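# Inside the fold
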Amino acid sequence: LGFGSYRFSVEWSRIEPEDGLFSTAALDHYARMCDACRDLGLEPVITYHHFTTPRWVAARGGWTNPATANLFTRFAEQVTRRLGPLAGRICTFNEPNVVSTFGHVWGLFPPGLRDPALRPRVNDTFIAAHRATVAVVRALAPHVPVGLTLAMQDLQAVDGGEAVRDAERHLMEDVFLEAAHGDDFVGVQTYSRLQYGPDGMRGPDAGARTTQMGYEFWPQALEATIRRAWLVTQQVPIVVTENGIGTADDAERIEYVEMALRGVLRCLADGIDVRGYTYWSLMDNFEWVFGYRPTFGLVAVDRATQVRTVKPSARWLGAIARANALDDPR
């Protein structure tokens, strides 16, 4: 299709199914994935943690337990020794702010807790694990850029909601952006905007265009979040590690991505160091609590037959990637 990288995650519970027991077979599996990427001219972008945590770690308190940072760092060292020579880029964590908020405040993700007091503690554990893992990667694979990815939204205040918006943004985004100071990159992941009034978060305006996820159709969020990440990290290079839309209308997907990429071009024109753009996702995926209903993929997947069908948006975006330019290739 013309793309230059493939982002995937490794699974901690497969690599370390029990405390201190590391699976050579699992690490070899991921090494073969890296080799396959390299054979196809793709840069392997490896994420060390994407939401899931081994049950034996969860039984000890998971990310509410500060000791989990040391356990994760030990795991990251084993992964880096095996995969570091093969990696093109390493993301320590995928959206740790979603784990702390959805899993410990809203109760939507495991461990399903609803205690706002836990969020700062979980954030601190993730940040400690991230900083230690960056040091491990730089020691064992100094040629590989390393950073974290963050769920960001264009957070807008309405009707005097600035104080509420700012308090949420601090715990959801800023503590992690500040922790990324000195990293090789920060991964910006965004899909829409959220509005905050004095009474808290509000849903989309009446009549607003929405996606399969219930998000407002707001591709402008990418430009806004890139600019904020650049500002708060004090100019750490940006990689867009997720951006896309859950829609059954592939023409709408092209419309969304084109508008988002126009925003990236404006950021580049203003001197912001954006190193790349990764669409979410290659294939229609399992979208956590939403299951298989939302279709984000550039490639459709028939869940009954497993047949893959390339969508027009994939060839459209692939042509842009080949040209490294947004001149409409249709």
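Use the structure listed above.
Read on for a plain summary of the structure. For clarity, every value in this text was computed on a predicted model and none was experimentally measured. (Residues numbered from 1 in each chain as written. Predicted model: local features only at pLDDT ≥ 70, side-chain atom pairs only at ≥ 80, totals over all residues. Heavy atoms only, no water.)

## Looking at the environment of proline 85
Put simply, the test is: Runs of H or I in DSSP of at least four residues are treated as helices and runs of E of at least two as strands, each being numbered from the N terminus. In this scheme, a residue with accessible area under 20% of its type's maximum is buried, one over 50% is exposed, and one in between is partly exposed, where area comes from a 1.4 Å probe on protein chains only. It only takes one pair of heavy atoms within 4.5 Å for two residues to be counted as in contact.
When you line up the elements, proline 85 lands in the loop between helix H4 (68–83) and strand S3 (89–94). On the accessibility criterion, proline 85 (57% relative accessible area) is exposed. Along the backbone, proline 85 and histidine 143 are 58 residues apart, and their C-alpha atoms lie at a distance of 8.6 Å. Once residues lying within four places of it in the same chain are set aside, the contact partners of proline 85 are Thr80 and His143.

## Quick notes on the side chain of histidine 50
Filter applied, for reference: Whenever two N or O atoms come within 3.5 Å, that pair is a polar contact, provided that in protein one can donate a hydrogen and the other can accept it, and provided that, for residues adjacent in sequence, both atoms are side-chain atoms.
Looking at the secondary structure, you find histidine 50 in the loop between strand S2 (43–47) and helix H3 (55–58). A polar atom in the side chain of histidine 50 sits 3.1 Å from the side chain of asparagine 94. If sequence neighbours within four positions are ignored, histidine 50 has contacts with Ser9, Asn94, Glu242, Trp280 and Trp288.

## Things to note about the nonpolar core
Filter applied, for reference: By convention a nonpolar core is built from buried Ala, Val, Leu, Ile, Met, Phe, Trp, Tyr and Cys residues, the set being connected through side-chain atoms within 4.5 Å.
Residues Tyr48, Trp63, Phe72, Ile226 and Ile238 are the most contacted members of the largest nonpolar core, which totals 81 residues. Dropping the residues within four chain positions of it, isoleucine 226 is found in contact with Val188, Ile238, Val240, Val264, Cys267, Ile272 and Val274.

## Brief notes about helix H9 (residues 250–269)
For clarity, the cut-off: What a helix is expected to span follows from its residue count: subtract one and scale by 1.5 Å.
For H9, built from 20 residues, the straight-helix expectation of 28 Å at 1.5 Å per residue is met to within 8% by its first-to-last C-alpha distance of 29 Å. When we look at burial in H9, the residues that qualify are Asp250, Glu252, Arg253, Ile254, Tyr256, Val257, Glu258, Ala260, Leu261, Gly263, Val264 and Cys267. Where H9 begins, the capping side chain belongs to aspartate 249, and its oxygen is found 3.0 Å from the backbone nitrogen of alanine 251. Directly after H9, the chain includes glycine 271, whose backbone phi takes a positive value near 90°.

## Some points on unusual backbone geometry
Cis geometry is found at the peptide bond from proline 110 to proline 111, where omega equals 5°. Structurally, proline 111 can be placed in the loop between helix H5 (96–104) and helix H6 (118–140). Going from tryptophan 280 to serine 281, the amide bond is cis rather than trans, its omega being 5°. Relative to the assigned elements, serine 281 resides in the loop between strand S10 (274–277) and strand S11 (299–301). In this structure, glutamine 234 takes a positive phi of about 60° despite not being glycine. Summarising the element assignment, glutamine 234 is placed in the loop between helix H8 (221–232) and strand S9 (238–243). By relative accessible area, glutamine 234 is classed as exposed at 60%. Backbone geometry at tryptophan 288 places phi at a positive 50°, although glycine is not the residue there. Within the secondary structure, tryptophan 288 is located in the loop between S10 and S11.

## Looking at the packing of H9 against helix H10 (residues 312–323)
Definition in use: A fitted line through C-alpha atoms represents every axis, and for helices the fit uses only the stretch in contact; the resulting angles, taken between N-to-C directions, go from 0 to 180 degrees. We call two directions roughly parallel when the angle between them is under 35 degrees, roughly antiparallel when it is over 145, roughly perpendicular when it lies between 65 and 115, and oblique otherwise. Handedness of a crossing follows from how the near helix is turned relative to the far one, being left-handed for an anticlockwise turn of less than a right angle and right-handed for a clockwise one. Each residue gets one of three labels, nonpolar for Ala, Val, Leu, Ile, Met, Phe, Trp, Tyr, Cys and Pro, charged for Asp, Glu, Lys and Arg, and polar for the others, Gly among them.
In the contact formed by H9 and H10, the axes pass within 9 Å of each other and the chain directions differ by 25°. Relative to H10, H9 is oriented roughly parallel. H9 and H10 meet at a crossing whose hand is right-handed. Within the contact between the two elements, H9 uses Asp250, Arg253, Ile254, Val257, Glu258 and Leu261 and H10 uses Pro312, Ser313, Trp316, Leu317 and Ile320. Each residue belonging to the contact of H9 with H10 can be placed in one class, and the counts come to seven nonpolar, one polar and three charged.

## Quick look at the packing of aromatic side chains
Going by this rule: For this analysis, a ring pair means two rings from Phe, Tyr or Trp (six-membered ring only for Trp) whose centres lie within 6.5 Å, classed as stacked if their planes differ by under 30 degrees, edge-to-face if by over 60, and tilted for the remaining angles. Look at NZ for Lys and CZ for Arg. If either is within 6 Å of the ring centre and within 35 degrees of the ring normal, a charge sits over the ring.
Evaluated as defined, the whole model comprises 20 aromatic pairs. Note on phenylalanine 93 and phenylalanine 126: the rings are 5.1 Å apart at their centroids and 85° apart in plane angle, and the pair reads as edge-to-face. On the criterion of sequence distance, the pair formed by phenylalanine 93 in strand S3 and phenylalanine 126 in helix H6 is long-range, its members being 33 residues apart. No difference in accessibility class separates phenylalanine 93 from phenylalanine 126, as the two residues are buried. The ring centre of tryptophan 218 lies 3.8 Å from the NZ or CZ of arginine 193, which sits over that ring.

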